[in-house]
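Reading the structure
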Amino acid sequence: VQLQASGGGLVQPGGSLRLSCAASGFTFSSSAMNWYRQAPGKQRELVAGITSGGSTNYVNLVKGRFTISRDNAKNTLYLQMNSLKPEDTAVYYCLYTNWRRYDYWGKGTQVTVSS
């Protein structure tokens with residue numbers, strides 16, 4: 001299993017970024033996927049999740065600003081982030097959990113929101 005997150009960077013408050021997570025080594029289309037983030041000095045937290053059928057869920061802090069989606073033809077998970085705030089600054093990770101409840105983490109991509 002390989003998960004490669006990309007798309008992070010430095011953006012001003014109010015700006016947007018689109019993260020991608022390229023997946024391989026498992027049946028992506030049949031798998032629920034999640035985005036997590038970890039800010040400096042804080043625990044890793046769930047940001048958003050999407051089922052194999054496309055149902056989504058979000059942590060309250062990002063509802064209405066972030067959108068999780070997937071392209072099964074490209075084996076890619078996305079996170080569209082709008083109206084970014086300084087408190088969104090973190091390393092963002094994609095997560096796949098297999099049927100044995102084993103977690104596979106991507107390498108992460110840094111998002112910095114600052115003026």
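The structure we're discussing is the one just above.
These lines cover the structure that appears in this document, whether it is placed above or below. Model, not experiment: these values are computed from the prediction. (Residues numbered from 1 in each chain as written. Predicted model: local features only at pLDDT ≥ 70, side-chain atom pairs only at ≥ 80, totals over all residues. Heavy atoms only, no water.)

1. What about the side chain of N34?
Checked against the element boundaries, N34 lands in strand β4 (residues 33-38). A residue is classified by how much of its surface remains accessible, and N34, at 19% relative accessible area, is buried. (Helix = DSSP H or I, 4+ residues; strand = E, 2+ residues; numbered from the N terminus. Buried < 20%, exposed > 50% of the residue type's maximum accessible area, 1.4 Å probe, protein only.)

2. Side note on the state of the cysteines
The tally for this structure, following the rule as stated, stands at one disulfide. A sulfur-sulfur distance of 2.0 Å marks the disulfide that ties C21 to C94. Handedness of the C21-C94 disulfide follows from its S-S torsion of about 65°: it is right-handed. Residue C21 is found in strand β3 (residues 17-24), and its partner C94 is found in strand β9 (residues 90-97); the two are separated by 73 residues along the sequence. Note on accessibility: C21 and C94 belong to one class, buried. (Disulfide = S-S within 2.5 Å.)

3. Focus: the pattern of salt bridges
In total, this model carries three salt bridges according to the counting rule given. For the salt bridge of D88 with R37, the shortest nitrogen-to-oxygen distance reads 3.0 Å. Of this pair, D88 sits in the loop between β8 (76-81) and β9 while R37 sits in strand β4; the two residues are 51 residues apart in sequence, bridging distant segments of the chain. Here D88 and R37 have matching classes, each one buried. Shared partners join several salt bridges into a network, and the residues in it are R37, E45, R65 and D88. (Salt bridge = Lys/Arg side-chain N within 4 Å of Asp/Glu carboxyl O.)

4. Some thoughts on the environment of V91
If you trace the backbone, V91 turns up in strand β9. In this structure, the C-alpha to C-alpha distance between V91 and L10, residues 81 residues apart in sequence, is 12 Å. Filtering out sequence-adjacent residues up to four positions away, V91 remains in contact with Y36, R37, Q38, G108, T109 and Q110. (Contact = heavy atoms within 4.5 Å.)

5. Re the pairing of β8
With five of six residues buried, β8 is to be regarded as a mostly interior element. Bridge count for β3 against β8 is six bridges, and the pairing is antiparallel. If you follow L19 over to β8, its bridge partner there is L79. Pairing between strand β7 (residues 66-71) and β8: six bridges, direction antiparallel. Within β8, the residue paired with D71 across the bridge is T76. Here β7 folds back onto β8 in antiparallel fashion, the turn holding four residues, of which N75 has a positive phi close to 50°. (Pairing = 2+ DSSP bridges.)

6. Focus: the nonpolar core
Membership of the largest hydrophobic core comes to 28 residues, with the highest contact counts inside it found for W35, L77, L79, M81 and Y92. Every element with two or more residues in this core is listed here: β1 (2-6), β3, β4, β5 (45-50), β7, β8, β9 and β11 (109-113). (Core = buried A, V, L, I, M, F, W, Y, C linked by side-chain atoms within 4.5 Å.)

7. Some words on the sheet that holds β7
Read from one edge of the open sheet, four strands run β1-β3-β8-β7, paired in antiparallel fashion. One side of each edge strand has no neighbouring strand; the edge strands of this open sheet are β1 and β7. Ignoring strand direction, the axes of neighbouring strands in this sheet form an average angle of 15°. Both β1 and β3 contribute to a ladder of five bridges, which runs antiparallel. Each bridged residue has a counterpart across the sheet, and for S6 the counterpart in β3 is S20. (Axes fitted to C-alpha atoms, helices over the stretch in contact; angles between N-to-C directions.)

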